[in-house]
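Analysis of the macromolecular model
The residues making up each chain are set out below.
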Amino acid sequence: MPHPTLEDDGQTVTLDLHGASVEEALDLARRVLRAAARRGRRSVRIVHGRSTSSRTHRNRTIKHALYDLLDRHALDDVVTSQWRAEAYLLLSLDVTAAVDAAPLRLLDVLR
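Note that the structure is predicted; figures quoted are calculated from it, not measured. (Residues numbered from 1 in each chain as written. Predicted model: local features only at pLDDT ≥ 70, side-chain atom pairs only at ≥ 80, totals over all residues. Heavy atoms only, no water.)

**Brief notes about the pairing of strand β1 (residues 5–8)**
We apply this condition: The rule is simple: take the accessible area with a 1.4 Å probe, protein chains only, and divide by the maximum for that residue type; under 20% is buried, over 50% is exposed, in between is partly exposed. Helical segments are the DSSP runs of H or I of at least four residues, strand segments are the runs of E of at least two, and each set is numbered from the N terminus. In this scheme, strands are said to pair when DSSP sees at least two bridges between them.
With burial as the criterion, only one face of β1 is covered, namely that bearing Leu6 and Asp8; the residues Thr5 and Glu7 on the opposite face remain uncovered. Relative to strand β2 (residues 12–16), β1 runs antiparallel, the two being bridged by four bridges. When the sheet's bridge partners are listed, Asp8 is paired in β2 with Val13. Where β1 folds back onto β2 in an antiparallel hairpin, the turn is made up of three residues, including Gly10, whose phi is positive at roughly 100°.

This is how it looks when you write it as structure tokens:
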């Protein structure tokens, strides 16, 4: 069974949420966004997968829960712009921190 993974190339952090529940995914996305901003990363790519619900009858999927979070401006303290693709989000961050060269790891975020 898949589980969330995180990769960091020093500029963009990629969080793959496959295997997480909706609530786990939202919590992890918030944590990763804030940790990436603290480490001076420019963007976070959140892979949520393709949604199995229609646009008119949206059931609670990770994709739609993330969209709702962004639409409510709940991440405006770190996210400056967004690009929505079919299977992922690309979020630009408000970077005021100096770049920390140490790669961000999932363990760092879960502490």
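**Some thoughts on the pairing of strand β5 (residues 88–93)**
Along a regular strand, successive side chains alternate from one face of the sheet to the other. Of the two faces of β5, the one holding Leu89, Leu91 and Leu93 is buried and the one holding Tyr88, Leu90 and Ser92 is not buried anywhere. Pairing between strand β3 (residues 43–47) and β5: five bridges, direction antiparallel. The residue of β5 that forms the bridge with Arg45 is Leu90. The hairpin turn running from strand β4 (residues 79–84) into β5, its antiparallel successor, is three residues long.

**Topic: the pattern of salt bridges**
We apply this condition: Salt-bridge detection follows one rule: a side-chain nitrogen of Lys or Arg within 4 Å of a carboxyl oxygen of Asp or Glu.
Within the structure shown, the criterion is met by eight salt bridges. A salt bridge links Asp27 to Arg31; the shortest N-O distance between them is 3.1 Å. Within this pair, Asp27 and its partner Arg31 are both found in helix α1 (residues 22–38), separated by four residues, close to a single helical turn. On the accessibility criterion, Asp27 (35% relative accessible area) is partly exposed. Here Arg31 falls in the partly exposed class, since its relative accessible area comes to 32%. Here Glu86 and Lys63 are joined by a salt bridge, their closest N and O atoms 3.5 Å apart.

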